[in-house]
Amino acid sequence: MDIKEVHNIKVCAAIVTYNRVELLKNAIESLRNQEYKCDILVVNNGSTDETSEFLNLQKDIIVINQNNVGGAGGFYTALKYIAEYNYNLAWVMDDDIIAYPDTLSKMIFAYKKLEDAGEHIGFLCSKVENSDGISVNMPAIDFRPNITGYCSWNKRLNYGLMLVQSATFVSVLIPTGNIRNFGLPYKEFFIWGDDTEYTMRLSAHLTCYQVGASRIRHLRYGGHLSIWSINERNRIKMWRFFVRNHMFISKQGYFGVRGFYKYLSCNILTMLKLLLRCDFFKLKYSFIGFCKGLVFNPKIEYPKSSCD
């Protein structure tokens, strides 16, 4: 399949950024160099560095400036804009990525194959690697059983695709019809978990895949996120959002009743360990998140009708 055969699919690539102007510059340049051309949208979450000055000089980028409402609020704004302005696909990512020239085209080819095969796609995601080529931001493989009792994660391996249940917003391609039908990400999440919840919301109704041929580099630092791996005081304070948001996700039934009680028990066990270690600072924000998670109940919002 040639790129010219799918040129009529209108894509908007969306980056959410906050105070990382040098990383943002590299990310934007990698999007400009895509084989499959796309519009570029940057949601500037109230950056206080030179981000605004840089963006003001860019003539080929759509810019939305807003207060810092976290990554969740940024992706809410981005997907709302894309759904309301007649794009076919939203391609969402952080500001610390480097896309390869064929990152988008590989996903577009996969999308077209699946569409031609009669599948209704929830989302597609790329294979994410760090600067050393090591896999990061791994999507959750879809191990839900089919009618035979076996899993179907390999149903499209002939296309180089793996069935997944959730993914992080690092090169995720979403048909905008899904945004209109299933709503926007919860902006109230502020940070952590909004992408997991949103992609699980889509995969609960539609098939979703990782595209093995589509690769992207994520210039992230550190390893898997946990209360034990973070030590910066401000990030520990933010941990309350992680606990609250993931408790809300577990209450939605994505993991069943057992999954909810498992998450509750894991959090209680973690807080007991923090107490025994006399780590009262981490315990405080874990407990705040736990309590807020019991009553946290944001509502799904939807984009307005498409603009002409």
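No experiment lies behind these values; they were computed from the predicted model shown.

Definitions and cut-offs
Residues numbered from 1 in each chain as written. Predicted model: local features only at pLDDT ≥ 70, side-chain atom pairs only at ≥ 80, totals over all residues. Heavy atoms only, no water. Helix = DSSP H or I, 4+ residues; strand = E, 2+ residues; numbered from the N terminus. Buried < 20%, exposed > 50% of the residue type's maximum accessible area, 1.4 Å probe, protein only. Contact = heavy atoms within 4.5 Å. Areas by Shrake-Rupley, 256 points an atom, 1.4 Å probe, with all protein chains shown as cover. Lys, Arg positive; Asp, Glu negative; His and termini not counted. Charge placed at Lys NZ, Arg CZ, Asp CG, Glu CD. Salt bridge = Lys/Arg side-chain N within 4 Å of Asp/Glu carboxyl O. Expected span 1.5 Å × (residues − 1). Phe/Tyr/Trp six-rings, centres within 6.5 Å; stacked < 30°, edge-to-face > 60°. Axes fitted to C-alpha atoms, helices over the stretch in contact; angles between N-to-C directions. Parallel < 35°, antiparallel > 145°, perpendicular 65-115°, else oblique. Left-handed = near helix turned anticlockwise from the far one by under 90°. Patch = residues over 30% accessible without salt bridge, like charges linked within 9 Å, V, L, I, M, F, W, Y side chains within 5 Å.

### Here we look at the overall build of the protein chain
Of regular secondary structure, the protein chain possesses nine helices and ten strands. The 308 residues of the protein chain split such that 51% are buried. Long-range pairs, those at least 24 residues apart, make up 77% of the contacts in the protein chain with a sequence separation of at least 6. Within the structure as shown, the protein chain displays about 14,900 Å² of accessible surface, and the carbon and sulfur contribution to it stands at 54%. In the protein chain, the 36 positive side-chain charges and the 29 negative ones have mean positions that sit 8 Å from each other.

### Considerations on the pattern of salt bridges
Taken as a whole, this structure holds 14 salt bridges when the rule is applied. In this structure, Glu-22 and Lys-25 form a salt bridge, with 3.3 Å as the shortest nitrogen-oxygen distance. Here the residue Glu-22 and the residue Lys-25 both occupy positions in helix α1 (residues 21-32), the gap between them amounting to three residues, near one helical turn. Given a relative accessible area of 48%, Glu-22 falls into the partly exposed group. The partner of Glu-301 in a salt bridge is Lys-187, with the nearest N and O atoms 2.4 Å apart.

### Re helix α3 (residues 70-84)
With 15 residues, α3 should cover 21 Å at 1.5 Å per step; its first-to-last C-alpha distance of 21 Å lies within 8% of that length. Of all 15 residues in α3, 13 are buried; the element is thus mostly enclosed. Positive phi shows up at Asn-86, right after α3, with a value of about 65 degrees.

### Re unusual backbone geometry
Its identity as a non-glycine residue notwithstanding, Ser-171 has a phi of 70 degrees, on the positive side. Within the element layout of this structure, Ser-171 appears in the loop between β8 (161-166) and β9 (172-175). Ser-171 sits in the buried class, given a relative accessible area of 0%. With a phi close to 60 degrees, Cys-278 is a non-glycine residue in the positive phi region. With respect to the element layout, Cys-278 can be found in the loop between α8 (256-276) and α9 (280-295).

### Focus: the packing of aromatic side chains
For the structure shown, the criterion picks out 14 aromatic pairs. Taking the centre distance of 5.5 Å and the plane angle of 15 degrees together, the rings of Tyr-186 and Phe-189 count as stacked. Between Phe-260 and Tyr-261, the ring centres sit 5.2 Å apart and the planes meet at 65 degrees, which makes this aromatic pair edge-to-face. Linked through ring pairs, Tyr-186, Phe-189, Phe-248 and Phe-296 together constitute an aromatic cluster.

### Looking at the packing of helix α7 (residues 233-251) against α9
Taken N-terminus to C-terminus, the directions of α7 and α9 make an angle of 30 degrees; their axes are 8 Å apart at the nearest point. Overall, the two elements α7 and α9 adopt an arrangement that is roughly parallel. In the packing of α7 onto α9, the handedness of the crossing is right-handed. Touching Arg-233, Ile-236, Lys-237, Trp-239, Arg-240, Val-243, Arg-244, Met-247 and Lys-251 of α7 are Phe-281, Lys-282, Tyr-285, Ser-286, Ile-288, Gly-289, Phe-290, Lys-292, Gly-293, Leu-294 and Val-295, all from α9.

### Looking at the environment of Ala-117
Mapped onto the elements of the fold, Ala-117 is located in the loop between α4 (103-116) and β6 (121-129). When neighbours within four sequence positions are excluded, Ala-117 is seen to be in contact with Arg-156 and Tyr-159.

### Focus: a nonpolar patch on the surface
There is a patch of nonpolar side chains on the surface, built from Ile-268, Leu-269, Leu-272, Leu-275 and Phe-280 and spanning about 470 Å² of accessible area. At four residues, the largest contribution of residues to the nonpolar patch is made by α8. Following the sequence through the fold, Phe-280 ends up in helix α9.

In short, the description is geometric, and any link to function would need to be established separately.
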